[in-house]
Amino acid sequence: MKQINIELETYESLQDLTRNDRTLVEAALKRLGTGHAPYSQFHVSAACESADGEIWIGTNQENASYPVGICAERVALSVSNMQAPGQAIRSMAIVYRDPSGRHHDPLAPCGMCRQALSEQTQRQEAPIRLLLSNEKGATWICADANSLLPLSFSLKDL
Ligand code: THU
């Protein structure tokens with residue numbers, strides 16, 4: 001039998017985070033709502049902290065041709081790789097605005113973004129911490145984004 005576990009640190013409030021982590025979540029929150037989400041009204045913002053301490057943001061960008069839309073996480077990864085080429089991404093904060101008001105807990109990245117995070121981890125040969133948070137401040141910290149995509153397919157399989 002093979003068992004796979006995911007460990008998350010959980011916090012009720014942004015005040016419980018380290019100053020560095022709080023800064024990253026707040027950077028993502030600051031841009032929340034500036035994306036393009038006229039179809040779902042569901043805004044997501046992601047902030048990457050690169051190894052040199054810089055912060056790069058991405059927001060979700062939807063399109064009338066729905067599959068053309070891109071998630072905040074993959075925009076942030078692209079911006080970070082473009083603006084800070086060769087710099088590893090240490091952490092990514094992901095926050096969302098839920099128009100239904102139903103969610104208390106943070107949400108985790110979609111499958112496609114997990115795959116993109118997995119390849120980024122392989123490229124930089126270092127894990128990416130995820131800070132999953134929301135406007136209410138509840139935050140889950142995952143030490144390695146790859147743990148959200150167990151048994152993943154990657155370059156080494158080709
Ligand atoms: N979305 C993200 O930006 N990241 C995710 O991980 C999940 C979903 C966006 C895509 C779309 O614009 C909206 O949220 C609703 O799916």
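Note that this is a predicted model, so its numbers are computed, not measured. (Residues numbered from 1 in each chain as written. Predicted model: local features only at pLDDT ≥ 70, side-chain atom pairs only at ≥ 80, totals over all residues. Heavy atoms only, no water.)

(A) Main features of the sheet that holds strand 5 (residues 129-132). Read from one edge of the open sheet, six strands run 1-6-5-4-2-3, paired in mixed fashion. What marks the edges here is a single partner per strand, and that holds for strand 1 (9-11) and strand 3 (55-59). If you compare each strand with its neighbour and ignore which way they point, the axes differ by 15° on average. Where strand 4 (residues 89-97) and strand 5 come together, four bridges link them in parallel fashion. Bridge pairing links alanine 93 to leucine 131 in strand 5. (Pairing = 2+ DSSP bridges. Helix = DSSP H or I, 4+ residues; strand = E, 2+ residues; numbered from the N terminus. Axes fitted to C-alpha atoms, helices over the stretch in contact; angles between N-to-C directions.)

(B) How the structure looks around helix 3 (residues 111-124). Across its 14 residues, helix 3 extends 20 Å between first and last C-alpha, which sits within 8% of the 20 Å expected from 1.5 Å per residue. Burial in helix 3 covers these residues: Cys113, Leu117, Ser118, Gln120, Thr121 and Gln124. Projection of helix 3 onto a plane perpendicular to its axis shows the buried side chains occupying an angular sector of 165°, all on one side. Away from its buried face by more than 90 degrees, helix 3 exposes Met112 and Arg123. Against the buried residues of helix 3 lie helix 2 (72-83), strand 4 and strand 5. Directly after helix 3, the chain includes glutamate 125, whose backbone phi takes a positive value near 50°. (Expected span 1.5 Å × (residues − 1). Buried < 20%, exposed > 50% of the residue type's maximum accessible area, 1.4 Å probe, protein only. Arc of directions from axis to C-beta. Contact = heavy atoms within 4.5 Å.)

(C) Summary view of the site of the ligand. Around the ligand, the surrounding shell consists of Ser40, Phe42, Val44, Asn60, Glu62, Cys71, Ala72, Glu73, Pro109 and Cys110. Asparagine 60 places a side-chain nitrogen or oxygen 2.9 Å from an oxygen atom of the ligand. A distance of 3.0 Å separates an oxygen atom of the ligand from a polar backbone atom of cysteine 110. For the ligand, whose free accessible area comes to 370 Å², the fraction covered by protein is 73%. More than half of the atoms of the ligand fall within 2 Å of the grid points belonging to the largest pocket. Looking at the shell around the ligand residue by residue, the class counts come to six nonpolar, two polar and two charged. (Near = heavy atom within 4 Å. Polar contact = N/O pair within 3.5 Å; in protein donor to acceptor, adjacent residues only side chain to side chain. Areas by Shrake-Rupley, 256 points an atom, 1.4 Å probe, with all protein chains shown as cover. 1 Å grid on protein atoms, 1.4 Å probe; cavity = no way out; pocket = protein on both sides within 12 Å on 5 of 7 lines; lining within 4 Å. Sits in = over half its atoms within 2 Å of the grid points. Nonpolar A, V, L, I, M, F, W, Y, C, P; charged D, E, K, R; others polar.)

This is a description of form; function is not addressed.
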